[in-house]
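Geometric and topological summary
What follows is the residue order along each chain.
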Amino acid sequence: MKLAAACTLAFAASANAFAPATSGNRATQLNAMKDDFVKVGAAALAGAAIFGATLPAQAITKSELNQLSYLQVKGTGLANRCSEVIGEDTITPKTGSRLGEMCIEPKAWAVEEEIGKGGKTEKKFVNSKVMTRQTYTLEGIEGSIKTDGGAITFVEEEGIDYAPTTVQLPGGERVPFLFTVKELVAKGNGGSFKPGFQMGGDFSVPSYRTGLFLDPKGRGGVTGYDMAVALPGLQSGEEGDAAMFKENNKTFDVGQGRIEMEVNKVNADEGEIGGVFVASQPGDTDMGSKVPKKILTKGIFYAKVQ
């Protein structure tokens, strides 16, 4: 009974952390995000204590990580973690500056589900568990910094800016999605990186699978069969074909997501910034045959002003 109660409290705290924010300015939303992020972390630690799980490796700074050899990093999980920033300084980027070595590490995930209660259905975000091995962190992202109008704008250009990821809902359903920040244009609320600086913007979400992928029936976007060979009678172009039209005609869907970031640590000597983020994006459409689920991701980020 104690174990069940503790689990219920942990899941409730995580689910509340992903409750949709009320309308308001970006500062209000990000302040709520920080409170929610603390709740998510507390719930994760509580769950780890209950089940005796091994906690993640302690965060280290970028300079400390660079001193480690490959064998020292291998198998520790450090390669999937963003570096820690120490300091509360201020960095004012100059003309031609770039943001490089950006790392975006998710810490918690939630999926929007329709939940029925009392004969009514409503959409709520349900806490989920990541099923992907430690390869879901984005790394080496780079882009230009513009300061038009006195406000910083970051334009993402290259890097390991996507990671196929799968999360599992409490009922066992698995939801794949492409965690990414491709073509991100994040606009800030000031001209300097300092604790409290906020920036956010939209990004593109490519299809989880490409045209060369073949489904179990051998159908693909640019290769494979045009239809399921075992069911020719249902795919004649006449009645009955509509039910399988989307399954047969694969598409490369490109969605749109949004990310909000807030800086809470700045090291002027090393040119480093760090903070927290919350991102919203659509999940996999199975190449056009399914309605994508909405996924919320929260975590930390690191970047270097160059």
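This section reports on the structure supplied with the text. This one's a predicted model, so the numbers in the text were calculated from it and none came from an experiment.

1. Observations regarding the overall build of the protein chain
- Within the protein chain, the regular secondary structure consists of 5 helices and 11 strands.
- Among the 306 residues that make up the protein chain, the fraction classed as buried is 42%.
- The long-range fraction of contacts in the protein chain, counting pairs at least 24 apart against all pairs at least 6 apart in sequence, stands at 64%.
- For the protein chain, the exposed surface amounts to about 16,600 Å²; the carbon and sulfur share of it is 54%.

2. What about the pattern of salt bridges?
- Overall, the coordinates contain 18 salt bridges when judged by the stated rule.
- The shortest N-O distance in the salt bridge between Asp215 and Lys250 comes to 3.1 Å. Residue Asp215 is found in the loop between strand 8 (198–205) and helix 5 (245–248), and its partner Lys250 is found in the loop between helix 5 and strand 9 (255–267); the two are separated by 35 residues along the sequence. We note that Asp215, like Lys250, is buried.
- Among the charged side chains, a salt-bridge network with shared partners connects Asp215, Arg219, Glu247 and Lys250.

3. Some words on unusual backbone geometry
- Even without being a glycine, Asp286 presents a positive backbone phi close to 55°.
- Along the chain, Asp286 turns up in the loop between strand 10 (272–282) and strand 11 (294–305).
- Positive phi is not limited to glycine here, since Met287 has a value of about 60°.
- With respect to the element layout, Met287 can be found in the loop between strand 10 and strand 11.
- Note on Met287: relative accessible area 2%, which makes it buried.

4. Concerning the pairing of strand 7 (residues 185–188)
- Going residue by residue along strand 7, you find Ala186 and Gly188 tucked away on one face and Val185 and Lys187 left uncovered on the opposite face.
- With 3 bridges joining them, strand 4 (residues 153–160) and strand 7 adopt antiparallel strand pairing. Bridge pairing in strand 7 links Phe154 to Ala186.
- Two strands pair when backbone bridges link them, and strand 7 and strand 8 are joined in this way by 2 bridges, in the antiparallel orientation. Counted as the bridge partner of Lys187 is Gly200 from strand 8.

5. Considerations on the nonpolar core
- Among the nonpolar cores identified, the biggest contains 38 residues, and Leu99, Ile104, Phe193 and Ile273 are the most heavily contacted of them.
- Elements that contribute at least two residues to this core include exactly strand 1 (98–117), strand 3 (138–146), strand 5 (162–168), strand 6 (174–180), strand 8, strand 9, strand 10 and strand 11.
- Phe193 has contacts with Asp89, Thr90, Ile91, Pro93, Leu99, Ile145, Ile152, Val263, Val266, Ile273 and Val305, leaving out every residue within four places of it along the chain.

6. Section: the side chain of Ser83
- Summarising the element assignment, Ser83 is placed in the loop between helix 4 (70–73) and strand 1.
- Classification of Ser83 as buried rests on a relative accessible area of 9%.
- Excluding its chain neighbours within four sequence positions, the residues that come into contact with Ser83 are Ile60, Thr61, Lys62, Leu65 and Tyr302.

7. Here's the deal with the pairing of strand 6
- Taken across its 7 residues, strand 6 has 5 buried, putting it largely inside the fold.
- Taken together, the 7 bridges between strand 5 and strand 6 define a ladder with antiparallel strand orientation. Bridge pairing links Pro164 to Leu178 in strand 6.
- What sits between the antiparallel neighbours strand 5 and strand 6 is a turn of 5 residues, in which Gly172 has the positive phi angle 105°.

8. Quick notes on the side chain of Ser192
- Within the secondary structure, Ser192 is located in the loop between strand 7 and strand 8.
- Using a relative accessible area of 17% as the deciding quantity, one classes Ser192 as buried.
- A distance of 2.8 Å separates polar atoms of two side chains, one belonging to Ser192 and the other to Thr92.
- Dropping the residues within four chain positions of it, Ser192 is found in contact with Thr90, Ile91, Thr92, Pro93, Ile152 and Phe197.

9. Some details on the environment of Gln306
- Following the sequence through the fold, Gln306 ends up in the segment after strand 11.
- Taking C-alpha positions, Gln306 is 5.1 Å from Arg98, a pair spaced 208 residues apart along the chain.
- Excluding residues that lie within four positions of it along the chain, Gln306 makes contacts with Ser97, Arg98, Gly100 and Glu101.

10. Let's talk about the environment of Gly211
- With respect to the helices and strands, the residue Gly211 is situated in the loop between strand 8 and helix 5.
- Between the alpha carbons of Gly211 and Gly221 there is a distance of 4.2 Å; along the sequence they are 10 residues apart.
- Excluding its chain neighbours within four sequence positions, the residues that come into contact with Gly211 are Gly220, Gly221, Val222, Thr223 and Met287.

11. A closer look at the packing of aromatic side chains
- For the structure on display, the rule yields 3 aromatic pairs.
- Pairing Trp109 with Tyr136 gives two aromatic rings, centres 5.4 Å apart and planes at 90°, and the pair type is edge-to-face. Of this pair, Trp109 sits in strand 1 while Tyr136 sits in the loop between strand 2 (120–130) and strand 3, and the two are 27 residues apart along the sequence.
- Residue classification places Trp109 among the buried residues on the basis of a relative accessible area of 5%.
- Directly above the aromatic system of Phe213 lies the positively charged group of Arg209, at a separation of 4.3 Å from the ring centroid.

Criteria and cut-off values
Residues numbered from 1 in each chain as written. Predicted model: local features only at pLDDT ≥ 70, side-chain atom pairs only at ≥ 80, totals over all residues. Heavy atoms only, no water. Helix = DSSP H or I, 4+ residues; strand = E, 2+ residues; numbered from the N terminus. Buried < 20%, exposed > 50% of the residue type's maximum accessible area, 1.4 Å probe, protein only. Contact = heavy atoms within 4.5 Å. Areas by Shrake-Rupley, 256 points an atom, 1.4 Å probe, with all protein chains shown as cover. Salt bridge = Lys/Arg side-chain N within 4 Å of Asp/Glu carboxyl O. Pairing = 2+ DSSP bridges. Core = buried A, V, L, I, M, F, W, Y, C linked by side-chain atoms within 4.5 Å. Polar contact = N/O pair within 3.5 Å; in protein donor to acceptor, adjacent residues only side chain to side chain. Phe/Tyr/Trp six-rings, centres within 6.5 Å; stacked < 30°, edge-to-face > 60°. Lys NZ or Arg CZ within 6 Å of the ring centre and 35° of its normal.

Everything listed here is a matter of coordinates, which is why it stays silent on function.
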